[in-house]
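A closer look at the structure
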Amino acid sequence: MSETHVEAFGSYARRCGAVFLAVVCGTLIMVGASYAPLASRPLVIGFILAAASVNAFLVAGYLMHLITEKKMIFAVLALTAFLFVVLMGLSVWASRDVPAILAPALK
């Protein structure tokens, strides 16, 4: 086994360990925030969602190696955006499509 291979694996293991510790700290921050006596409940929920987003990025980006898959990620995001627009268009198009028995109640 070459020496550079061992060094590369050691660097990779340290990076994964650091990401894992960051995810654990983020999870502890979320749990702590849920018990924090803050005045505004929406503020607590927003803080927890922000911490969860950071955790999701760390897990998906580094531990699942998706940060290097730029082309595939953009293709999936484009497909998601397209399907979202299509579904919203269908919802708007069908918003007045109600059964005949309910039509008089809507007027």
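Because the structure is predicted, anything quoted here is derived from the model rather than measured. (Residues numbered from 1 in each chain as written. Predicted model: local features only at pLDDT ≥ 70, side-chain atom pairs only at ≥ 80, totals over all residues. Heavy atoms only, no water.)

So, on to the overall build of the protein. Looking only at helices and strands, the protein features four helices and zero strands. Sequence-ordered secondary structure for the protein, helices as α and strands as β, is α-α-α-α. If you sum the accessible surface of the protein, you get close to 8,800 Å²; carbon and sulfur atoms cover 76% of it. (Helix = DSSP H or I, 4+ residues; strand = E, 2+ residues; numbered from the N terminus. Areas by Shrake-Rupley, 256 points an atom, 1.4 Å probe, with all protein chains shown as cover.)

Bringing the packing of aromatic side chains into the picture now. Per the counting criterion, the structure on display carries one aromatic pair. Ring geometry for Phe57 and Tyr62: centres 6.1 Å apart, planes at 85°, overall edge-to-face. Using a relative accessible area of 46% as the deciding quantity, one classes Phe57 as partly exposed. (Phe/Tyr/Trp six-rings, centres within 6.5 Å; stacked < 30°, edge-to-face > 60°. Buried < 20%, exposed > 50% of the residue type's maximum accessible area, 1.4 Å probe, protein only.)

What follows concerns the confidence of the model for the protein. For the protein, per-residue confidence averages 85 on the pLDDT scale, and residues scoring 70 or more make up 90% of the total. Confidence, read as mean pLDDT per element, is least for helix H4 (residues 103-106) in the protein (61) and greatest for helix H3 (residues 70-93) (91). (pLDDT = per-residue confidence, 0-100.)

What follows covers the side chain of Asn55. For Asn55, the location among the structural elements is in helix H2 (residues 41-63). A relative accessible area of 7% means that Asn55 is categorised as buried. Excluding anything up to four places from it in sequence, Asn55 contacts Ala22, Val23, Gly26, Thr27 and Met30. (Contact = heavy atoms within 4.5 Å.)

All right, on to a nonpolar patch on the surface then. A cluster of nonpolar side chains, namely Leu79, Phe82, Leu83, Phe84, Val85, Val86, Leu87, Met88, Leu90 and Trp93, defines an oily patch on the protein surface of about 1,100 Å² accessible area. Looking at where Leu87 falls in the secondary structure, it is placed in helix H3. Given a relative accessible area of 51%, Leu87 falls into the exposed group. (Patch = residues over 30% accessible without salt bridge, like charges linked within 9 Å, V, L, I, M, F, W, Y side chains within 5 Å. Salt bridge = Lys/Arg side-chain N within 4 Å of Asp/Glu carboxyl O.)

This paragraph deals with H2. It helps to recall that an α-helix has 3.6 residues per turn; residues three or four apart then point in one direction. In a regular helix each residue adds 1.5 Å, so 23 residues correspond to 33 Å; H2 covers 32 Å between its end C-alpha atoms and thus fits that length. Val44, Ala51, Asn55, Leu58 and Gly61 are the residues of H2 that are buried. Among the residues trailing H2, His65 stands out with phi positive, at a value near 60°. (Expected span 1.5 Å × (residues − 1).)

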